[in-house]
Amino acid sequence: MGLGLNELEDFLARGGPVLLVIMVATFIMWALILERLFYFRFAHKTVAREAVDEWNARSDRKSVLAHWVRDKLISEVRMKAETNVQMTKAMVALAPLLGLLGTVTGMVAVFDVMAITDGADARSMSGGVSQATIPTMAGMVASISGILFTSGMDRKVSRLVQGVEDEMEIV
Amino acid sequence: MKNFNKTLQTLGAAALIAGSAFTFAAPAVAQDVSLSDILRRVQQDSQQMSAEDQRRLQEFRSETAEQQSRMSQARSELQAAEARGAQLSARFDENERQLSELSAELETQAGDFGELLGQFRTAAGETMPIIRESLANFEYSGRAEQLAEVAEARSLPTREDLDRLPNAMLQEMIAQSEVKTFTAPVAGAGPEGEVVETELMRVGIFTAATTNGADFVEVITDDVDEPYLRVLKAQPSGSFASAMRSLINSEPGETVITPIDPSKGDLFAVAGEMPNLQQRIEQGGPVGAVILVLLAIGAAFAIFKIVTLFLMGSAMRRTAKTRKAGTGNPLARVFEAYEQNKHQDLESLELKLDEQILRESPKIERFNDVVKVLAAVAPLLGLLGTVIGMIITFTAITNFGAGDPKLMAGGISVALMTTVLGLVAAIPLLLLHAIASSMARGNQQILDEQAAGLVAERAESNTGVA
């Protein structure tokens, strides 16, 4: 069983329009997650290095003013580390809602068929039923796959910021 | 004869009584009429009467003879007719016998051919209604009537009769592959729904539409003697019509996508009855309307918030670079506070800055909670609508029983549509709120954590310490 383009097309057609929205939302979510993973893995080091170097280049690292400057440098690192985390979490929360939307629109389709055929033909209702169930499943899968990566993100951010703070020694 | 004698006796008796009466009366009335005269006269009268009787008797006798002769004549005629009847019935029996002999002979001689004819008639009878109800029949009329004639005929079909069936079937097959325009009377095509001769385009025998406005047309066959064309009461949605229009406007040889309804109009009719977006939203009822109003309010707040936060953020970033004091954005106002208090000691300067930052915070966060609350309320309202719809449904079941799903459909559509609308409102509002709150958070952080640092850097650069 090869999952080719035809199978994907068939799957999307059976899931209805909401499945398409879920697909787009999942792509955006994963783009955001991957962007963050790459940032934590590669770009963060440069950002942290620059901040620490700027701190180390200062002659005054003791006064109140110096503390203010240190806070500012750490805050810049934190802001860069926190970019998109909020959005990623929002997308993870949205996926099951979109799945629920698919369920309800699928049920609307089922009741349309019932109203037109007097509810006699179970087979003609199956189109609406698959429109109801497939988006739910897809929304769950998208959400769960996203949760695996977003749940640790806050801790990762605070750990990285903590690391930068530790490197900026107050003489 | 007896009667006649009796009559005579009676007459005699009467004459005697009259005579005696005259006898008694004679002395009193008149003496000039003698008895002999009377007697003579009576005798005369009786003679006269008997002569008359004789004559009438004669007459009766001659009449009887005549009638008897007529009767005998009629009897002989009856005999002749009966003889002829017997002869004819004999001939009829003979003919009958001959007929059965001949039809038996025909059957023997026809053999397999007879069975073939039976098959032919059955096939013609079965094909006739298909062709009669076909779309192509409005273009090539008369085929169904010819087939009906052949199917019902008792005589041996001629070669031409036999050819009608394959001809009709072939023509039907060819018609299935054609895309053609033709003119036919269509009910409902006129402005007031009257029958009008209309130019139609048909795709095979499946789909037909008027070429002027691309209204789809269906064949009506139920409860009518003669099938007729009628414009669909509810036209399917725009995508079907635009695909049909692209076919109508296409050049010969061009490839276009066109709608085909294999059920010959039924599916298009069903598609036409599907509620469109506006009707769907109306199905949501008052709760649905409330949800949509909330969505509009929330979206307006969120978009306003996002735009102002974006402008504020870019202004603050510019100020962070130039470090110019002013009143345009929160960071500039913090610098302004620094400028005014820079001659005081650091403790009170920090207090002044914190105070300024605290004053700015509500402006950044303003309206964000409104969006959040609306995003949370929308699905709850959807749930409320669902429950109201279920109550309507169960009321319908209580009143009318569960036999008719159409009666319950109203409540169910309220229930489902409010849920849909609740989610449709909640999803974008949540997304907008996420965007707005992350932007607000960024701006807040710039103010909270950077203001002090930027002020410090500025102070240092002013005093030359670094």
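Definitions and cut-offs
For every chain, the first residue of the written sequence is number 1, and numbering continues from 1 along that sequence. For this description, chains carry letters from A and ligands carry numbers from 1, given in the order in which they are written. This being a predicted model, a pLDDT of at least 70 is required before a residue's local features are given, and a value of 80 or more before pairs of side-chain atoms are given or counted; all residues contribute to the totals for chains, interfaces and linings. Only hydrogens and water are set aside when side-chain values are computed; all heavy atoms of the structure are taken into account. A pair of strands is treated as paired once DSSP finds two or more bridges between them. Each helix corresponds to a stretch of at least 4 residues labelled H or I by DSSP, and each strand to a stretch of at least 2 residues labelled E; elements are numbered beginning at the N terminus. Here an angle of 0 to 180 degrees is reported between the N-to-C directions of two axes, which are lines fitted to C-alpha atoms, with helices fitted over the stretch in contact. A contact between two residues is defined here by any heavy atoms of the two lying within 4.5 Å. Once two parts are joined, some of their accessible surface, as seen by a 1.4 Å probe, is lost; buried area is that loss totalled over both. Here a salt bridge means any side-chain nitrogen of Lys or Arg lying within 4 Å of a carboxyl oxygen belonging to Asp or Glu. Per residue, pLDDT captures the predictor's confidence, and it can take any value from 0 to 100. Only protein chains enter the accessibility calculation, which uses a 1.4 Å probe; a residue whose area is less than 20% of its type maximum is buried, one above 50% is exposed, and one in between is partly exposed. Orientation is classified from the angle alone, with under 35 degrees giving roughly parallel, over 145 giving roughly antiparallel, 65 to 115 giving roughly perpendicular, and any other angle giving oblique. We call a crossing left-handed when the near helix sits turned anticlockwise from the far one by less than a right angle, and right-handed when that turn is clockwise. Gly is placed with the polar residues, together with every amino acid not listed as nonpolar (Ala, Val, Leu, Ile, Met, Phe, Trp, Tyr, Cys and Pro) or charged (Asp, Glu, Lys and Arg).

Participant: Even after reading the chapter, I still don't get the sheet that holds strand β1 (residues 179-187) of chain B, so can you show me in this structure?
Facilitator: One key point about sheets: their strands pair by backbone hydrogen bonds, in either a parallel or an antiparallel sense. Residues and elements named next belong to chain B. Read around the barrel, five strands follow the order β1-β2-β3-β4-β5 and close on themselves; strand pairing throughout is mixed. With direction set aside, neighbouring strand axes in the sheet form an average angle of 50 degrees. Bridge count for β1 against strand β5 (residues 228-231) is two bridges, and the pairing is parallel. Directly across from valine 186, in β5, lies its bridge partner leucine 229. Running over the sheet, helix α6 (residues 238-248) touches β1, β2 (196-203), β3 (207-210) and β4 (216-220) and is turned about 90 degrees from β2.

Participant: Whenever I open this one, the interface of chain B and chain A confuses me. Can you help?
Facilitator: The figure often quoted for interface size is the accessible area lost as the parts come together. Counting residues at the interface gives 38 residues for chain B, matched by 35 residues for chain A. Both faces considered, chain B and chain A share a buried interface measuring about 3,300 Å² in area, 73% of it formed by carbon and sulfur atoms. When residues of chain B are sorted by the area they lose upon contact with chain A, B:Leu423, B:Ile427 and B:Glu449 head the list and together hold 15% of the total. Taken together, the links from chain B to chain A amount to one salt bridge. The partner of B:Arg441 in a salt bridge is A:Glu82, with the nearest N and O atoms 3.4 Å apart. For the side of chain B that touches chain A, the elements supplying multiple residues, two or more each, are α11 (346-365) and α13 (405-463) of chain B.

Participant: Would you explain the confidence of the model for chain B in this entry?
Facilitator: Low-confidence regions, as indicated by low pLDDT, have predicted coordinates that should not be scrutinised in detail. Summing up the model confidence of chain B, the mean pLDDT is 83 and the portion of residues at 70 or higher is 91%. The spread of mean pLDDT over the elements of chain B runs between helix α1 (residues 2-25) of chain B, the lowest at 54, and helix α2 (residues 35-110) of chain B, the highest at 92.

Participant: Looking at this structure, how should I read the pairing of β5(B)?
Facilitator: The side chains of a regular strand alternate, residue by residue, between the two faces of the sheet. Residue and element names in this part refer to chain B. Only one face of β5 is covered, namely the one carrying Leu229 and Val231; the face carrying Tyr228 and Arg230 has none of its residues buried. With four bridges connecting them, β4 and β5 associate as antiparallel partners. What sits directly across from valine 219, in β5, is leucine 229.

Participant: For this particular structure, what's the right way to read the packing of helix α2 (residues 17-57) of chain A against helix α3 (residues 64-82) of chain A?
Facilitator: A pair of packed helices can be characterised by two numbers: the angle between their axes and the separation between those axes. Residue and element names in this part refer to chain A. At a minimum axis separation of 9 Å, α2 and α3 run at an interaxial angle of 165 degrees. Looking at the two axes, α2 sits roughly antiparallel to α3. The handedness of the crossing between α2 and α3 is right-handed. For the pair α2 and α3, the contacting residues are Arg36, Tyr39, Phe40, His44, Val47, Ala51, Glu54 and Trp55 in the first and Ala66, Arg70, Leu73, Val77, Lys80, Ala81 and Glu82 in the second. Its residues assigned to classes, the contact of α2 with α3 comprises nine nonpolar, one polar and five charged.

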